[in-house]
Structure formats: structure tokens, C-alpha cells
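Each chain is listed here by its residues.
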Amino acid sequence: MNQRVILITGANRGLGLETARQLAAQGHIIYIGSRDARKGKMAAGTLKDHAVTSLQIDLTDPGTFPAAASYIEGQHGRLDVLINNAGVMLDEDIMADSTHNVKPGILKQSFLTNFFGTVELTNYLLPLLMKSVAPRIVNLSSNVGSLTMHSNRAPLMKTFAYNSSKTALNAYTVHLANAYADTPLKVNSAHPGWLKTDMGTEYAPMEVSEGVETISWLATLPDDGPSGGFFHKQEKIDW
Ligand SMILES: NC(=O)c1ccc[n+]([C@@H]2O[C@H](COP(=O)([O-])OP(=O)(O)OC[C@H]3O[C@@H](n4cnc5c(N)ncnc54)[C@H](OP(=O)(O)O)[C@@H]3O)[C@@H](O)[C@H]2O)c1
């Protein structure tokens, strides 16, 4: 399978938009998910030389899911790749440990997008994905969601709301991979690296373009590729 039908959530800016740009340049058919329809159209407009269409998808509003899914089904009858890229980092001070004083609202809002919304959208799209001969799901996680690294006192950000929402997302990756182990579906978590985006800030060591490497590889895994893993640049990282 060469040309894939790919949906990327939260792709109106940042890593999602750069992923759309690189995968579109490889000849894939790209759907940009954006919670704001106008921003999605503007983002797609910057890639107008390629097969890129924007669809309104707000992870906190499941009412936006059916129209997006119906549109893709009507055009292609299947979805080959879902890249769960949309995410929020709401912890107020990224340099502080928020474990003991995280605001309940921030904890809930973080999980609403990074976990609940992502799980709900993915489960909603699974029937359409299973119409593909080689369905792939990439969950954008982060090494700050790694319990092993925190247990080993790795010098990672202690933004508890964000970190724990990515840990929960990793649990979904493992459970979904197990549930679909006897099918062609492959689902993996990706740590793209610390990137210069609005979320990653200007202090990040990596350019956003470098972050696509892990995602692009997992999105186009061959039939004998891994499922249920956590990867950075094709290397397994600790849960
Ligand atoms: N940057 C890094 O260093 C880094 C490192 C590890 C993992 N990641 C992960 O990579 C992904 C992309 O990060 P990024 O740096 O590109 O972040 P970003 O620049 O903040 O962009 C986040 C994107 O997610 C969208 N989004 C937020 N809430 C949404 C919702 N409820 N529904 C739909 N879309 C929503 C945003 O839309 P709006 O424009 O409407 O806000 C935006 O398009 C995230 O999952 C992040 O956790 C990033």
C-alpha cells in the first residue's frame, strides 16, 4: 500500500501541521483535523499543492466526530491511518512540580483532551480504520508520561496533569494493541522529542520538522512492524 488516507488531529499548527506537510509531500491523502474550522481551512490552504482537506474535529465535542468520519468514508470507504496528535499542556509552570498542588480543573481538562477525547474519537473511528488492509494508529505521547523514567528519577518535567494524561494514553495504546492483536491493526505510542512549537517553546532543542520522523515511521509500518510499543526514532522507550 503506497498512498494512504491519513487523519491527523490538531493539525492546524505545530507538530500536526508539519506532519501533514511531510506526509502530503510523500503523496498521501491528508485530512487535517482542527477544532476551529476556520483555522483548519487556513492550514490546509498553506498545503494547497497537495491532497489536503480540513475537517472540524474537537476532541472535547464528540458531536464533531460523525460528520468528519462520514466525509472520509464517503470519499474513500476507509481510513488507513489515524494520528492522534491533538493535545494540551495546561500546567501553569512547566518548570515546577505540580503534583501536590495541581488545580483539579487543569487535571480534568488535560485528561478531557489528551485521554478521554482521544480514546472516544479513536473508538468511534475504529470501524472505518478496520476497513483498511493495513490500519495504523499513532498516539502522540511523551517521555514525560513514562512511569519507568520518573521512577528512575530521570530529570523530566513534573507537570503532573500533562504527564499523567500521557501515561493514561499509553495505557490505551497497550490495551488496544492487545484487543486487536489478531488483526492487521497496529497501534503505538510515539515520543517525538522536545520540539520548538507553541507547546514545546523556543527553548526546545529539536526543530518541529525532526519530530515527524517517529510519527511517519509508525504511520506507515510494514505488516511485520511492531504494535503496542512506545517509540522514539524507531527505538523502544520505557513505559
Ligand atoms: N512539542 C513538544 O515538544 C512535544 C513533545 C512530546 C509530545 N508532544 C505532543 O505532540 C502533540 C502536538 O504537540 P505540539 O507541540 O504541536 O502542540 P501545540 O503547538 O500546542 O498544538 C496543539 C494542537 O492541538 C490542538 N488541540 C488542542 N486541543 C484540542 C481539542 N480539544 N480538539 C482538537 N484539537 C485540539 C490545537 O488546536 P488549537 O490551535 O485550536 O489550539 C493545536 O492544533 C501533542 O499531543 C503533544 O502532547 C509534543
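Fair warning: this is a prediction, and the values are worked out from it, not measured in the lab.

Criteria and cut-off values
Residue positions within a chain follow its written sequence, with the count starting from 1. Under the rules for a predicted model, residues below a pLDDT of 70 receive no local features and side-chain atom pairs below 80 are neither given nor counted, while totals for whole chains, interfaces and linings still include all residues. Comment: burial labels come from other C-beta atoms within 10 Å of the residue's own C-beta, placed from the backbone, where a count of 20 or more is buried, 12 or fewer is exposed, and between is partly exposed. By the criteria applied, helices consist of DSSP H or I runs no shorter than four residues and strands consist of E runs no shorter than two, each listed in order from the N terminus. Strand pairing is assigned whenever DSSP identifies at least 2 bridges connecting the two strands. Handedness of a crossover: with both strands directed away from the viewer, a clockwise path from the first strand across the helix to the second marks it as right-handed. Near residues are defined by distance alone, with the backbone-placed C-beta atom required to lie within 6 Å of the molecule or strand. In the scheme used here, Gly and all other residues not listed as nonpolar or charged are polar, with Ala, Val, Leu, Ile, Met, Phe, Trp, Tyr, Cys and Pro taken as nonpolar and Asp, Glu, Lys and Arg as charged. Working convention: axes come from line fits to C-alpha atoms, limited for helices to the stretch in contact. Angles between N-to-C directions cover 0 to 180 degrees. If you view the pair so one helix is near and one far, a crossing is left-handed when the near helix is turned anticlockwise from the far one by less than a right angle, and right-handed when it is turned clockwise. By the convention adopted here, residues are in contact when the distance between their C-beta atoms, placed from the backbone, does not exceed 7 Å. What a helix should span is 1.5 Å times the count of its residues minus one.

A. Seen up close, the pairing of strand 5 (residues 136–140). Buried residues dominate strand 5, accounting for five of its five residues. On strand 5, burial covers both faces: Arg136, Val138 and Leu140 on one face and Ile137 and Asn139 on the other are all buried. Here strand 4 (residues 81–84) runs beside strand 5; their pairing, made up of four bridges, is parallel. Bridge assignment links Ile83 to a residue of strand 5, and that residue is Val138. In the classification by handedness, the crossover that spans strand 4, the intervening helix 4 (residues 104–129) and the parallel strand 5 is right-handed. When strand 5 meets strand 6 (residues 186–190), the two strands line up parallel, connected through five bridges. Its bridge partner being in strand 6, Ile137 is matched across the sheet by Val187.

B. Region of the structure containing the site of the ligand. In the vicinity of the ligand there are 31 residues, among which Gly10, Gly14, Gly87, Thr197 and Gly200 approach most closely. Mapped onto the shell around the ligand, the elements with two or more residues apiece are helix 1 (14–25) and helix 4. When the residues that make up the shell around the ligand are grouped by side-chain class, the tally is 11 nonpolar, 14 polar and six charged.

C. Examining the packing of helix 1 against helix 7 (residues 208–219) more closely. Contact geometry of helix 1 with helix 7 gives a least axis separation of 9 Å together with a crossing angle of 65 degrees. The hand of the helix 1/helix 7 crossing is right-handed. Only Val208, Ser209, Gly211, Val212, Ile215, Ser216 and Ala219 of helix 7 make contact with helix 1, whose side of the interface consists of Gly14, Leu15, Glu18, Thr19, Gln22 and Leu23. A class-by-class count of the residues in the contact of helix 1 with helix 7 yields six nonpolar, six polar and one charged.

D. Up close: unusual backbone geometry. Positive phi values are uncommon outside glycine, yet Arg153 reaches one of about 60 degrees. Within the fold, Arg153 resides in the loop between helix 5 (147–151) and helix 6 (160–179). The backbone phi angle of Gln234 is positive, close to 70 degrees, even though this residue is not glycine. Note on placement: Gln234 falls in the loop between strand 7 (230–232) and strand 8 (235–236).

E. Inspection of helix 1 at higher detail. Over its 12 residues, helix 1 runs 17 Å from end to end, which matches the ideal 16 Å to within 8%, given 1.5 Å per residue. Among the 12 residues of helix 1, nine are classified as buried, and the element is accordingly described as predominantly covered. The elements touched by buried residues of helix 1 are strand 1 (5–8), strand 2 (29–34), helix 2 (37–45), strand 3 (52–56), strand 4 and helix 7. Positive phi shows up at Gly27, right after helix 1, with a value of about 100 degrees.

F. Region of interest: the environment of Leu126. Turning to its location among the elements, Leu126 is positioned in helix 4. Residue Leu126 is classed as partly exposed on the basis of its 17 C-beta neighbours within 10 Å.

G. Broad picture of the sheet that holds strand 8. One open sheet holds the eight strands; their spatial order is 3-2-1-4-5-6-7-8, and the pairing between them is mixed. Every other strand in the sheet has two partners, leaving strand 3 and strand 8 as the edge strands with one partner each. Bridge analysis of strand 2 against strand 3 gives five bridges, and the strand direction is parallel. Bridge assignment links Ser34 to a residue of strand 3, and that residue is Gln56.

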